[in-house]
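Structure at a glance
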Amino acid sequence: MGNLIRCITSDGAVMAVCTDTTDIVAKAEQFHNTSAVVTAALGRLLTAASMMGNMLKNEKCSLTLRVSGDGPAGNIVAVSDYIGNVRGYAQNSVVEMPLNNKGKLDVGGAVGNGVLYVIKDLGMKEPYVGQVPLVTGEIAEDITSYYAVSEQTPTVCALGVLVNPDLTVKAAGGFIIQMLPGYTDSEIDRLESAINELEPVTKMLADGKTPKDIMDLALKNFEYEVLYEEKTEYKCKCSRERTERALYSIGNDDLKEMAEAKEDIEIKCHFCNKVYTFTPENLTKILEGKIKISVDK
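Let me begin by describing the structure that accompanies this report. A quick note: this is a predicted structure, and the numbers were derived from the prediction, not measured.

This part is about the sheet that holds strand E1 (residues 2-9). Read from one edge to the other, the open sheet built from five strands follows the order E8-E9-E2-E1-E10, with strand pairing classed as antiparallel. Two strands in the sheet have a free side with no partner beyond their single neighbour: strand E8 (155-163) and strand E10 (224-232). Neighbour to neighbour, the strand axes of the sheet diverge by 10 degrees on average, direction disregarded. Sheet strands in contact with helix H1 (residues 22-32) are E1, strand E2 (14-20), E8, strand E9 (169-179) and E10, and its direction is about 125 degrees off that of E9. Sitting on the sheet, helix H7 (residues 211-218) touches E1, E2, E9 and E10, and the angle it makes with E2 is about 145 degrees.

Moving on: the packing of aromatic side chains. What describes a pair of aromatic rings is the distance from one ring centre to the other and the angle between the planes of the rings. Tallying each qualifying case throughout the model produces three aromatic pairs. An angle of 70 degrees between the planes, with centres 5.4 Å apart, marks the rings of Tyr 89 and Phe 271 as edge-to-face. Of this pair, Tyr 89 sits in strand E5 (residues 86-90) while Phe 271 sits in the loop between strand E11 (265-268) and strand E12 (275-278), and the two are 182 residues apart along the sequence. Stacked on the ring of Phe 222, the Lys or Arg Arg 190 has its end atom at 4.2 Å from the ring centre. Here the guanidinium or amino end of Arg 240 rests over the ring plane of Phe 278, the centre of that ring lying 4.1 Å away.

Quick look at the layout of surface pockets now. Taken as a whole, the largest pocket spans an internal volume of roughly 910 Å³. Surrounding the largest pocket, 28 residues form its lining, Arg 44, Lys 104, Leu 159, Gly 160 and Pro 200 being those nearest its centre. Those elements giving two or more residues to the lining of the largest pocket turn out to be helix H2 (36-54), helix H4 (140-150), E8 and helix H6 (201-206). Partitioned by chemical class, the residues of the lining of the largest pocket number 16 nonpolar, six polar and six charged. For the second largest pocket, the calculated volume is near 200 Å³. Breaking the lining of the second largest pocket down by element, the ones donating at least two residues are E1 and E9. Here the lining of the second largest pocket is composed, by residue class, of seven nonpolar, two polar and two charged.

Take the pairing of E8 next. Among the nine residues of E8, seven are classified as buried, and the element is accordingly described as predominantly covered. Pairing of E8 with E9 involves nine bridges; the strand directions are antiparallel. Within E9, the position partnered with Val 161 by the bridge is Ala 172. Linking E8 back to E9 in an antiparallel pair, the connection comprises five residues, with Leu 167 at a positive phi of about 80 degrees.

Quick notes on the rules
Residues numbered from 1 in each chain as written. Predicted model: local features only at pLDDT ≥ 70, side-chain atom pairs only at ≥ 80, totals over all residues. Heavy atoms only, no water. Pairing = 2+ DSSP bridges. Helix = DSSP H or I, 4+ residues; strand = E, 2+ residues; numbered from the N terminus. Axes fitted to C-alpha atoms, helices over the stretch in contact; angles between N-to-C directions. Contact = heavy atoms within 4.5 Å. Phe/Tyr/Trp six-rings, centres within 6.5 Å; stacked < 30°, edge-to-face > 60°. Lys NZ or Arg CZ within 6 Å of the ring centre and 35° of its normal. 1 Å grid on protein atoms, 1.4 Å probe; cavity = no way out; pocket = protein on both sides within 12 Å on 5 of 7 lines; lining within 4 Å. Points joined across faces, edges and corners; volume = space filled by probe spheres on them. Nonpolar A, V, L, I, M, F, W, Y, C, P; charged D, E, K, R; others polar. Buried < 20%, exposed > 50% of the residue type's maximum accessible area, 1.4 Å probe, protein only.

Here it is as structure tokens:
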């Protein structure tokens, strides 16, 4: 389980979310058998989505982050509910690249140039869709850019995934800290002073610090209260029933063609790789059910 907290300073100047997603990213790695650099890229995006989803505050809301880059990892997607439970995948789960010039996993190189899409389903007729060009492809800087450009909100985002030599996940997590309307230059200075002293998120988590410990350090120049503390998880929502509804939606002609082919079809979930098998008889039943519903309407 992940551990996420959301805080606000007593003067109302700063809002912060911090999370430990080590277990979440480990589960993603197990589902997708990702290489180290893809684990880092997907893990960072899952971490950001978890925090941003939790910031939506309404049980009807959900959030999708999609990184569409021209790098070898391809598209990377993460989806969160309002609690911060997430699921995601990378188009190409195995990418092998040399370390970057800092001796670290080259997430920016794996992602490449492209666009970050932020899609917020707020329970209305149409979702909100924001997009910004990727700044570095390292994810955290791109999230910061999104908030600055699309929401005009001064934001600090830190994300990290530490991968062991055997490709398991040692630590993963991050924080998002934002200035709220009415903030002063003095409050920015106090926040920057503390953040500049922080160690990397993954080092703090690997050393045993909790999200609350990290917030104590990041907000040490403020009094603050914890608004929410949530247990989060990698949570895929696929089911046979959802897959049947997807088949139901593709059209009578296509369903009939698949049923008449007299071969089983397999549909794999992008998020957990679970495979659902449908026989020609299954497809015929779905087709017959669809025709009946169509007539009733």
